[in-house]
Amino acid sequence: MKSLKIKLIATVLGLFLMLSFSHGINAQTTGWTIAPKYKTMKNPVATGKESIADGKDLYAKHCKSCHGSAGLGDGPKASTLDANCGDFSSKKFQATADGEIFFQISEGKGKMPSFKKNIPEDNGRWAIVNYLRTLAAK
Ligand code: HEC
């Protein structure tokens, strides 16, 4: 009877650990509730030298501390968060539509701040989307 109890406790504990671990790993793209309209929303800021440079400046100021200079999720602040910042160079991230990324930047989630106030111009957040495209793994 006693060993059964121990087994049960071990199983529950194991399941709990597994769940929290997989949550950490998948945090980047799971759990975002993004309205379908964002998937097809057109980026009003044409990509090009100028908008990529604007996006890069904003990224350095507002995002790099967590997401890292190459967008790998390894900025100096990342290790202090109990959340995974994602990897902008990954195929999985790059498959996210422009509008969905715009939504993520605008609204935030959990440890990811909302940038509607700190980057009030919509076009600034769209320019960052253009910059994030340049971080795709070659
Ligand atoms: C305080 C740290 C922090 C800062 C600053 C920050 N982020 Fe994040 N970001 C996160 C975390 C943590 C997540 C994962 C959130 C989650 O899934 O719960 C995230 C997720 C994201 C995602 C979704 C990634 C994916 O794989 O789906 C995007 C896009 C993003 N951030 C862009 C930005 C941009 C652009 C900026 C700057 C304007 C920024 N972030 C600033 C912490 C940060």
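Data block above holds the structure.
Residues numbered from 1 in each chain as written. Predicted model: local features only at pLDDT ≥ 70, side-chain atom pairs only at ≥ 80, totals over all residues. Heavy atoms only, no water.

A.B. asks: Let's hear about the overall build of the protein chain: which residues, and what values?
C.D. replies: The number of helices and strands found in the protein chain is seven helices and zero strands. Listing each helix as α and each strand as β along the protein chain from the N terminus yields α-α-α-α-α-α-α. Within the protein chain, the proportion of its 138 residues that are buried is 33%. As displayed, the protein chain offers around 9200 Å² of accessible surface, 63% of which is attributable to carbon and sulfur atoms. (Helix = DSSP H or I, 4+ residues; strand = E, 2+ residues; numbered from the N terminus. Buried < 20%, exposed > 50% of the residue type's maximum accessible area, 1.4 Å probe, protein only. Areas by Shrake-Rupley, 256 points an atom, 1.4 Å probe, with all protein chains shown as cover.)

A.B. asks: How would you explain the pattern of salt bridges if you had to name every residue and give the values?
C.D. replies: By the definition in use, this model includes four salt bridges. As a salt-bridge pair, Arg133 and Asp98 come within 2.7 Å of each other at their nearest N and O atoms. With Arg133 in helix H7 (residues 122–133) and Asp98 in helix H6 (residues 98–107), this pair connects stretches of sequence that are 35 residues apart. Overall, the relative accessible area of 23% leaves Asp98 in the partly exposed class. Residues Glu107 and Lys116 are paired through a salt bridge, measuring 3.1 Å at the closest nitrogen-oxygen approach. (Salt bridge = Lys/Arg side-chain N within 4 Å of Asp/Glu carboxyl O.)

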